[in-house]
Structures are given as structure tokens and as C-alpha cells.
Amino acid sequence: LPLYTPEELEKQRTVTFPKDVKFSILVPLYNTPEKFLREMIQSVLDQTYANWELCLADGSEEAHADVGKICHQYMKNDERIVYKKLEKNLGISGNTNACIEISSGNYIALFDHDDLLHSAALYEMMKAICEKDADMVYTDENTFRNTPDDAYTPHYKPDYAPDTLRSYNYICH
């Protein structure tokens, strides 16, 4: 995403789009370290596009009960955060499916428990949906060590091409 000034980000918060789209951000949790969990949740809370819900399905072991406690703390302050404690870990696919069961949005966004969203990510996705009448949107991604400033593996994804997608999963999550 392009760099935005604080003024541009603030202006994004006031934009009214011609469509009413709610994003369900699906996060399968499993023994998530507190630092990653808090940073991930905060990156969603910081979105300039506000019509979203954060769906968290937690398959963490008993020794990691702090994951649920942290999620409940955030839920108290923001009703857009939805949490479900799973009886057992169902793996990334099963935990993601549990997120879908508790979601209510028009679009789903697949998100790992240690990922971060740029604050304009949902705004840019919403803009693309409105401009292109898109049924699906995917984005580039990057990997970093400690902060986004030390990103080292950008994954610039090609335009949608069914034959290319059949060859390899460039959309990923």
C-alpha cells in the first residue's frame, strides 16, 4: 500500500462508499504469543474503514488460557470482536471454518494470528470492491522480523489469471 499521511488516513475514516460491505476478518488462534495477539488485534482496530468484525476461533491448549483472557479484554471494548473457544484445536483449516460459523460479513478476510494489517488495508479493499464490482480481492504481502520497517520478503502478486492460479496458489492468505 502507498504511504499515507496522518491527514489522509483521517480523511479515509469519513469516506462514504456506494456499497455497504462488512468484512469478517477470520483468525484461527493457537497458542498465540501475547505480543503477536495484541499487535494483530490492534492492527484491525486501527483500520480506517470501520465496517468489519474480527472473528477469533481459539484452539489453544489449557496452558495458553491467556489467549482467551486477552481476547475477552478487547471484546469488552469493541463489539466488533467475536471470540469462540474451541473444545480442541482443529488446525488452521478447522479453526478458520469455526471463524466462518461465527461471522456475519459480506466478505471474508483470511488472517493469521501473527499478521498485521496496514491501517488503510480494508479501505483499499473496499475501494477496489466499489470501483471494480469485485467479488474477490487479494493483496500483496510482506514478511518482517520485528517491525514492518525491517520487511525482507515482499510478495507482489500478479493480476488474477485462472490458469496461473491453477498452477500455484499465489493468492495465499
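Here's a quick rundown of the structure. (Residues numbered from 1 in each chain as written. Predicted model: local features only at pLDDT ≥ 70, side-chain atom pairs only at ≥ 80, totals over all residues. Heavy atoms only, no water.)

Looking at the sheet that holds strand S3 (residues 81–85)
The strand order S3-S2-S1-S4 describes an open sheet built from four strands, whose pairing is parallel. Each of the sheet's edge strands pairs with one partner strand only, and the pair in question is S3 and strand S4 (107–110). On average, each strand axis in the sheet is tilted by 20° relative to the strand beside it, whichever way the strands run. Sheet contacts for helix H4 (residues 91–101): strand S1 (23–29), strand S2 (52–58), S3 and S4; angle to S1, the most-contacted strand, approximately 145°. Against the sheet, helix H5 (residues 121–132) engages S1, S2 and S4, with an angle of about 135° to S1. (Pairing = 2+ DSSP bridges. Helix = DSSP H or I, 4+ residues; strand = E, 2+ residues; numbered from the N terminus. Axes fitted to C-alpha atoms, helices over the stretch in contact; angles between N-to-C directions. Contact = heavy atoms within 4.5 Å.)

Remarks on unusual backbone geometry
Within the chain, Asn-31 stands out as a residue other than glycine whose phi angle is a positive 50°. Topologically, Asn-31 is positioned in the loop between S1 and helix H2 (34–45). Overall, the relative accessible area of 16% leaves Asn-31 in the buried class. Phi angles above zero are rare outside glycine, and Asp-133 is one such case at about 55°. By the element assignment, Asp-133 lies in the loop between H5 and helix H6 (162–167). For Asp-133, a relative accessible area of 54% puts it in the exposed group. (Buried < 20%, exposed > 50% of the residue type's maximum accessible area, 1.4 Å probe, protein only.)

Points about the environment of Cys-99
As for its position among the elements, Cys-99 is in helix H4. What makes Cys-99 buried here is its relative accessible area of 0%. Separated by 70 residues in sequence, Cys-99 and Leu-29 place their C-alpha atoms 9.8 Å apart. Setting aside residues no more than four positions away along its own chain, Cys-99 makes contact with Leu-26, Val-27, Pro-28, Cys-55, Leu-56 and Ala-57.

Thoughts on H2
With 12 residues, H2 should reach 16 Å at 1.5 Å per residue; the first-to-last C-alpha distance of 16 Å fits that figure. Taken together, the buried positions of H2 are Leu-37, Met-40, Ile-41, Ser-43 and Val-44. The arc that holds every buried residue of H2, seen down its axis, measures 155°, which confines them to one face. Buried residues belonging to H2 abut S1, S2, helix H3 (66–77) and S3. (Expected span 1.5 Å × (residues − 1). Arc of directions from axis to C-beta.)

Focus on the nonpolar core
Core analysis: the largest hydrophobic core is formed by 29 residues, its most contacted members being Phe-23, Ile-25, Leu-29, Met-40, Leu-54 and Leu-56. At the level of secondary structure, the elements contributing two or more residues to this core comprise S1, H2, S2, H3, S3, S4 and H5. Ranked by the residues each element gives to this core, the list is headed by H5, at five residues. For Phe-23, the contacting residues outside a window of four places in its chain are Tyr-49, Asn-51, Trp-52, Glu-53, Tyr-107, Leu-122, Met-125, Met-126 and Ile-129. Ala-57, Leu-86, Ala-98 and Cys-99 belong to the second-largest nonpolar core, a separate cluster that totals six residues. (Core = buried A, V, L, I, M, F, W, Y, C linked by side-chain atoms within 4.5 Å.)

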